[in-house]
Structures are given as C-alpha cells and as structure tokens.
Amino acid sequence: MKNATNTVFLQGRVGSSVEYSHDLYGERFYEFKLNVPRLSEHLDVIPVTVSESLGESIKEGDLIGVNGQFRSFNRPEGERSRLILSVFAREIVPPSDDVNPNYSELIGYICKPPVYRTTPFNREICDVLLAVNRAYSKSDYIPCIAWGKNARLLKTASVGQKLEVSGRIQSRQYTKRLDDGSAEIRTAYEFSIGGVEFLSKESEVASTADESPDGN
C-alpha cells in the first residue's frame, strides 16, 4: 500500500449531467454520477465532485478515469445532520483497458466500536467507521465494511486503532423510514475492504489480512 492517507481511482461512464454543487474560496464545484462496473456486471453509481476547470469538458456518457479522494461532510436535515460521501476529483484521465476500475487506499483511525454480525447464510460482516485526516486539520469519516476473515480481524479492534485499508467504493440502495411514517429509497456509499493492516501510531505494521470483497 502507498503512504498517502486517501487515494481513489475510478473508471467508468458518466451517468448523469454535470450540475452545479457549491462555491468554495471563489471557485465553483460541480457534481455528477459515475457508473463504475463490477466483475458481476453490477454498476456502482458513485457521486464525483469536480472543480469547474476539470468539469467543463465532461459530458454525460463519457468514459473517463478519476484520480481523487473519498471525502465526507455533514449536511443539515432539520434538527439532524446527514453524512454525505463523494469522491473529490483531483485529476480526470483518459480511460485504459488494463486498470482496476475501482481501487482505493485509506489510512485512518477507528472512531466508533466496530459492529460485527452474520447474515442468514452465515456470512460474517463487520462495519467500521474510519476517520481519515487531511489538510487544514480536517477529517473525512468513511463507513467501511469488511467480510469473512477481515470481519473477524476487525470485530475486536479498539477505538483509536490506526488502520491502512485497500478496497473499493460501493453503492447500495436501502429504504429509509421517515418521521411521518412514509418511506423513501436512498443510496448509501461505503468502502468495501479487501485488505487491511493494523498500524501502530508510528505507522509500523502490527498485523495484516487480505481478502477480496464480494463483486470485485
């Protein structure tokens, strides 16, 4: 794995129009959805945020590569806030035939107790929330999911443990029950762990595991 704390590469087809998102420090930013294929032929539909200078030539239907970071921010929703996840594009690159279209690496700290469970088919799963530091004393909070032996390795990990993980970004739909009793379909985004290393505070490797996540 690399030393950078947050690296993402995606390759896929632009699946939506490029729409204005927000201004920051006098620069305009836009967002679009990128349809990224899995080996199973399922598509992960990943939101990508891009600066005006990078996004001006992107059109719906284009096949592109994206180098960037997996970032988070809290969006207020009434009296609560919702964690929003997006890939922040640092570079748009031409597509290639010989690349993994969905590969990421993160270094961060466990910031909530891991949640371990098994499916009705006895598949082991562990959910981990990772705090990934970036510049200007900011952190991105990335929900991660581990399977099988990685789930067993992480289920007893302590809050504050430093991890280096590799894997892919995935999307999934779920039903959200609202306060008025109605329901709506939402999309969740998470980091599916394929490889994990436990690090000391001095970044020395303590233990490792490697497992390919489902669908990749």
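Criteria and thresholds
- Residues numbered from 1 in each chain as written.
- Predicted model: local features only at pLDDT ≥ 70, side-chain atom pairs only at ≥ 80, totals over all residues.
- Heavy atoms only, no water.
- Core = buried A, V, L, I, M, F, W, Y, C linked by side-chain atoms within 4.5 Å.
- Buried < 20%, exposed > 50% of the residue type's maximum accessible area, 1.4 Å probe, protein only.
- Helix = DSSP H or I, 4+ residues; strand = E, 2+ residues; numbered from the N terminus.
- Contact = heavy atoms within 4.5 Å.
- Pairing = 2+ DSSP bridges.
- 1 Å grid on protein atoms, 1.4 Å probe; cavity = no way out; pocket = protein on both sides within 12 Å on 5 of 7 lines; lining within 4 Å.
- Points joined across faces, edges and corners; volume = space filled by probe spheres on them.
- Nonpolar A, V, L, I, M, F, W, Y, C, P; charged D, E, K, R; others polar.
- pLDDT = per-residue confidence, 0-100.
- Phe/Tyr/Trp six-rings, centres within 6.5 Å; stacked < 30°, edge-to-face > 60°.
- Lys NZ or Arg CZ within 6 Å of the ring centre and 35° of its normal.

**Some words on the nonpolar core**
- Core analysis: the biggest nonpolar cluster contains 37 residues, and L34, F70, V87 and L154 have the highest contact counts within it.
- Considering every element that reaches this core, the biggest residue donor is strand β12 (residues 183–199), with five residues.
- Among all residues touching L34, those that are not within four sequence positions of it are L10, Q11, G12, R13, V14, G15, D44, V45, I46, V48, I64 and V66.

**Concerning the pairing of strand β1 (residues 6–14)**
- With seven of its nine residues buried, β1 lies for the most part within the structure.
- The pairing of β1 with strand β7 (residues 102–110) spans five bridges and is antiparallel. Opposite T7, over in β7, you have E105 as the bridge partner.

**Observations concerning the layout of surface pockets**
- Put simply, the largest pocket is a space of about 1100 Å³.
- Along the wall of the largest pocket there are 37 residues; nearest its centre are R82, L83, Y174, R186 and A188.
- Looking at which element gives the most residues to the lining of the largest pocket, the answer is strand β6 (residues 80–93), with six residues.
- Of the residues in the lining of the largest pocket, the class split is 18 nonpolar, three polar and 16 charged.
- Counted as a void, the second largest pocket has a volume near 740 Å³.
- Forming the walls of the second largest pocket are 25 residues, and the residues nearest its centre are L24, R71, F88, R134 and K138.
- At the level of elements, β2 (19–24), β3 (27–37), β4 (43–51), β5 (63–77), β6 and β9 (124–134) are the ones that each hand at least two residues to the lining of the second largest pocket.
- Counting residues per element, the lining of the second largest pocket draws most heavily on β5, which supplies five residues.
- Considering only residue class, the lining of the second largest pocket consists of nine nonpolar, nine polar and seven charged.

**Focus on the confidence of the model for the protein chain**
- Summing up the model confidence of the protein chain, the mean pLDDT is 89 and the portion of residues at 70 or higher is 91%.
- Within the protein chain, the element-level pLDDT minimum falls on strand β13 (residues 205–210), averaging 44, and the maximum on β1, averaging 98.
- Below pLDDT 50 for its whole length, residues 203–210 participates in 22 contacts with residues either more than four positions away or in separate chains.
- Below a pLDDT of 50 lies the segment residues 212–216, which in the model reaches 18 contacts outside its immediate sequence neighbourhood of four places, other chains included.

**Here we look at the pairing of strand β10 (residues 138–147)**
- Where β9 lies against β10, ten bridges are found, and the strand directions are antiparallel. Note on β10: the bridge partner recorded for N133 is S139.
- Once β9 ends, the chain turns through three residues before running back antiparallel as β10, passing Y136 with a positive phi of about 60 degrees.
- Pairing of β10 with β12, which is carried by two bridges, proceeds in the parallel orientation.

**Topic: the packing of aromatic side chains**
- The full count for this structure, using the stated rule, is two aromatic pairs.
- Note on Y20 and Y30: the rings are 5.9 Å apart at their centroids and 80 degrees apart in plane angle, and the pair reads as edge-to-face. Taken together, the residues Y20 in strand β2 and Y30 in strand β3 connect sequence positions ten residues apart.
- Using a relative accessible area of 15% as the deciding quantity, one classes Y30 as buried.
- Ring centres of F29 and F88 lie 6.0 Å apart, and the angle between their planes is 45 degrees; this geometry places the pair in the tilted category. On the criterion of sequence distance, the pair formed by F29 in strand β3 and F88 in strand β6 is long-range, its members being 59 residues apart. Just as F29 is buried, F88 falls in that class too.
- In this structure, R71 packs its charged tip against the face of F88, placed 4.1 Å from the ring centre.
- One residue, K155, lies across the ring of Y116, its end atom 4.5 Å from the ring centre.

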